[in-house]
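Structure at a glance
Spelled out, the chains give:
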Amino acid sequence: QVQLVESGGGLVQPGGSLRLSCAASGRTFRNYAVGWFRQGPGKEREFVAAIRWSVRDTKYTDFVKGRFFISINNAKDTVYLQMNSLKPEDTALYYCAAGITIWGDIESASAYSYWGQGTQVTVSS
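Attention here is on the structure that accompanies the text. (Residues numbered from 1 in each chain as written. Predicted model: local features only at pLDDT ≥ 70, side-chain atom pairs only at ≥ 80, totals over all residues. Heavy atoms only, no water.)

To continue, consider the state of the cysteines. Under the criterion given, the structure shown has 1 disulfide. The disulfide partner of C22 is C96, and the S-S distance across this bridge is 2.0 Å. Here the disulfide of C22 and C96 is right-handed, its torsion about the S-S bond being about 60 degrees. Of this pair, C22 sits in strand β3 (residues 18-25) while C96 sits in strand β9 (residues 92-99), placing them 74 residues apart in sequence. Given the relative accessible area of 0%, C96 is considered buried. (Disulfide = S-S within 2.5 Å. Helix = DSSP H or I, 4+ residues; strand = E, 2+ residues; numbered from the N terminus. Buried < 20%, exposed > 50% of the residue type's maximum accessible area, 1.4 Å probe, protein only.)

Okay, structure coming up:
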């Protein structure tokens with residue numbers, strides 16, 4: 001069993017930055033893919049970014065490419081999502097998720113077995 005805890009959300013002005021963290025406990029991330037998803041007000045949950053621990057390949061959805069960056073801290077068993085140039089439309093509850101999945105399914109929420117509780121990101125002036 002893997003427990004995931006997100007942190008780092010908050011209120012930020014447009015153009016600002018935040019770094020979200022996803023810490024694992026109970027079992028290491030090291031055989032898993034870790035993804036970030038988000039759900040904005042009145043919207044469905046959507047894929048944001050993912051990384052595979054073993055090979056470190058990454059994938060981003062088009063609307064965050066060049067602005068968001070996913071990375072791993074091995075020593076802390078933690079995955080980060082660095083979010084830059086934030087826009088009001090990035091406002092959402094952000095979730096991290098972990099699962100043993102093939103790369104072709106990496107954008108699908110159903111491919112992940114474990115989910116955190118979410119951290120709120122609000123982009124507003």
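Before going further, it helps to spend a moment on the nonpolar core. Counting residues in hydrophobic clusters, the biggest one holds 31 residues, and the most contacted among them are L4, F29, W36, V79, L81, M83 and Y94. Every element with two or more residues in this core is listed here: β3, β4 (33-39), β5 (46-52), β7 (68-73), β8 (78-83), β9 and β11 (119-123). Excluding residues within four positions of it along the chain, L4 makes contact with C22, A23, A24, F29, C96, A97, A98, Y114, W115, G116 and Q117. A33, F47, A50 and I106 belong to the second-largest nonpolar core, a separate cluster that totals 8 residues. (Core = buried A, V, L, I, M, F, W, Y, C linked by side-chain atoms within 4.5 Å. Contact = heavy atoms within 4.5 Å.)

A few words now on unusual backbone geometry. Despite not being glycine, R56 has its phi angle at roughly 65 degrees, a positive value. Within the element layout of this structure, R56 appears in the loop between β5 and β6 (58-60). Backbone geometry places S85, a non-glycine residue, at a positive phi of 50 degrees. Here S85 is to be found in the loop between β8 and β9.

Next up on the list: the pairing of β7. A one-sided burial pattern is seen for β7, the buried positions being F68, I70 and I72 and the unburied ones F69, S71 and N73. Sheet topology note: the β7/β8 ladder contains 6 bridges and is antiparallel. Of the residues in β8, the one forming a bridge with F68 is M83. The hairpin formed by β7 and β8 contains 4 residues between the paired strands, and D77 there has a positive phi angle of roughly 50 degrees. (Pairing = 2+ DSSP bridges.)

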